[in-house]
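Spelled out from the first residue to the last, the chains are:
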Amino acid sequence: MNFWRRTLAVAKKEVRQLRRDRFTAGMIVGLPTIQLMLFGYAINTDVRHLRGAVADEANTQLSRRLVDDAQASQVIDLVARAQTPRQLEEMLREGEIAVGLAIPRDFERRLALRDRAPAQLLVDGSDPAVLMAARGLSNLPVAVRSIRRDDPEPTFELRAFYNPERRSAVQIVPALIGVILTMTMVLFTSVAIVRERERGNLELLINTPVRTTELMLGKILPYVAIGMVQTTLILLLGRSVFGVPIEGNLLDLYVASLVFVAASLSLGLLFSTLVSTQMQAFQLTFMSFLPQILMSGFMFPFDGMPRPAQWFAQLLPLTHFVRIVRGIILRGANLAELANELWPLVAFFVVTVSIAIARFRKRLD
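Residues numbered from 1 in each chain as written. Predicted model: local features only at pLDDT ≥ 70, side-chain atom pairs only at ≥ 80, totals over all residues. Heavy atoms only, no water.

Peer 1: Pulling in residues and values, what's your account of the overall build of the protein chain?
Peer 2: Within the protein chain, the secondary structure is distributed over 16 helices and five strands. Residues classed as buried in the protein chain amount to 48% of the 365 residues present. The contacts of the protein chain with a sequence gap of at least 6 include a subset with a gap of at least 24, amounting to 77%. Per element, the accessible surface of the protein chain, about 18400 Å² overall, is 60% carbon and sulfur. (Helix = DSSP H or I, 4+ residues; strand = E, 2+ residues; numbered from the N terminus. Buried < 20%, exposed > 50% of the residue type's maximum accessible area, 1.4 Å probe, protein only. Contact = heavy atoms within 4.5 Å. Areas by Shrake-Rupley, 256 points an atom, 1.4 Å probe, with all protein chains shown as cover.)

In structure tokens:
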């Protein structure tokens, strides 16, 4: 009896402590509810509405019907038009599209002869899920039905770029740079201010002439170097162990990684001003990590998510970095071509650091 009495006494004490810790109590209910609703709605393995473009050099009734039926399949959404297949390849390299329809000038002659596929389907094969979804368009029967009903030849010749062997390591390893940096960088700085408070060092820092901005940036700088070391280690292992090709410029990759590391560190620094214990910092870091890894395009195709989920994912730093790192390593794109993915990272860093500095100053006051 004494054993159970003492055990229950400790349990009651723990319950009272949880009731006083409103942040943890809210996480008990809020974390599973928010994540279930968010991920259950956003994650979709049935990939549709891929960003696509068309280069219709024939511009005939049959070619236009083929384009319309490709859109009606809901596998692709045409977001741009190109003049030549070469422009489609440039759009693929820059990440503007995932699928390109190339219809040649002699489309109807090829369709009548059927000695080969009358059109081409250009696909960004760096994501095998996108390649599998686009493969269903190869046998789109619209034009075939107009000429010959029982012809087994495919309508499109499929050309897979950047990962024709469909190796998973080629897709996963580059994006792992961002995933690992997100996990480590946010965690390191999320406990930065809290650790100083728990150790009693915060009062000493307040009494020094160090300003708030200097304190915040000083907390970040050491981890920037750690982030660069981790980036180099992942690149070396990816190249030597998994044979991942590096098509782009390494300097561009390191510049993008530097910006992403700064953005991730600033997020952790903001978390550090929101919590009062290291346990709460761990909880908040974990809560922010799951949406980034599941909604950034690392595990599931970004184009397969509903539009509202895509808008939310655009706010996550990892979403933009995954596109940048795959663009540089796999597609050979340069940083200028990926500038529309780089500036959101810069903006994220500026906003989060500014909020963290403002919140820390208010706490000192």
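Peer 1: Could you give me a rundown of a nonpolar patch on the surface, with the residues and numbers involved?
Peer 2: Taken together, the side chains of Leu233, Leu237, Val241 and Phe242 present a nonpolar region at the surface, about 390 Å² in accessible area. One can find valine 241 in the loop between helix H11 (212–240) and helix H12 (250–274). Looking at valine 241, the relative accessible area reads 54%, which means it is exposed. (Patch = residues over 30% accessible without salt bridge, like charges linked within 9 Å, V, L, I, M, F, W, Y side chains within 5 Å. Salt bridge = Lys/Arg side-chain N within 4 Å of Asp/Glu carboxyl O.)

Peer 1: I'd love a proper account of the packing of helix H8 (residues 168–190) against helix H15 (residues 317–329), names of residues and values included.
Peer 2: Contact geometry of H8 with H15 gives a least axis separation of 9 Å together with a crossing angle of 140°. H15 is crossed by H8, and the crossing has right-handed handedness. Between H8, through Gln171, Pro174, Ala175, Ile177, Gly178, Val179 and Thr182, and H15, the contact on the second element is made entirely by Leu318, Phe321, Val322, Val325, Arg326 and Ile329. For the contact of H8 with H15, the per-class residue count stands at nine nonpolar, three polar and one charged. (Axes fitted to C-alpha atoms, helices over the stretch in contact; angles between N-to-C directions. Left-handed = near helix turned anticlockwise from the far one by under 90°. Nonpolar A, V, L, I, M, F, W, Y, C, P; charged D, E, K, R; others polar.)

Peer 1: I'd love a proper account of unusual backbone geometry, names of residues and values included.
Peer 2: The backbone of asparagine 59 sits at a positive phi, close to 55°, despite the residue not being glycine. Within the element layout of this structure, asparagine 59 appears in the loop between strand E1 (50–56) and helix H3 (61–72). For glutamine 74, which is not a glycine, the phi torsion comes out positive at approximately 65°. Its place among the elements puts glutamine 74 in the loop between H3 and strand E2 (76–81).

Peer 1: An account of the sheet that holds strand E3 (residues 99–103) is needed here, citing residue identities and associated values.
Peer 2: Here we have five strands laid out as an open sheet, ordered E2-E1-E3-E4-E5, and mixed in their pairing. Looking at which strands have only one partner, the edges of the open sheet turn out to be E2 and strand E5 (156–161). Across the sheet, the axes of successive neighbouring strands diverge by a mean angle of 25°, strand direction being ignored. Of the pairings in the sheet, the one linking strand E4 (residues 119–124) to E5 comprises six bridges and is parallel in character. Residue pairing in the sheet places valine 123 in a bridge with alanine 160 of E5. Packing of helix H4 (residues 85–94) onto the sheet brings it into contact with E1, E2, E3, E4 and E5, and relative to E4 it is tilted by some 15°. (Pairing = 2+ DSSP bridges.)

Peer 1: So what's going on with the packing of H12 against H15? Residues and values would help.
Peer 2: Following both chains from N to C, one finds H12 and H15 inclined at 170°, their axes separated by 10 Å at the closest point. Between H12 and H15, the angle falls in the class roughly antiparallel. Seen from H12, the contacting residues are Asp252, Leu253, Ala256, Ser257 and Phe260; seen from H15, they are Pro317, Leu318, Phe321, Ile324, Val325, Ile328 and Ile329. (Parallel < 35°, antiparallel > 145°, perpendicular 65-115°, else oblique.)

Peer 1: Mind laying out the pattern of salt bridges, listing which residues take part and the relevant values?
Peer 2: Close approach of charged atoms allows side chains of opposite charge to pair. Considering all chains together, one arrives at eight salt bridges under this definition. Ionic pairing is found between arginine 159 and glutamate 89, a salt bridge with its closest N-O pair at 3.7 Å. Note that arginine 159 is positioned in strand E5 and glutamate 89 in helix H4, a separation of 70 residues in sequence. Residue arginine 159 is classed as partly exposed on the basis of its relative accessible area, which comes to 29%. Among the salt bridges present, the one from glutamate 341 reaches arginine 323, with a minimum N-O distance of 3.2 Å. Separated by 18 residues along the polypeptide, glutamate 341 in helix H16 (residues 339–364) and arginine 323 in helix H15 bring together distant segments of the chain. We classify glutamate 341 as buried; its relative accessible area is 11%. Through salt bridges that share partners, Arg86, Glu89 and Arg159 make up one connected network.

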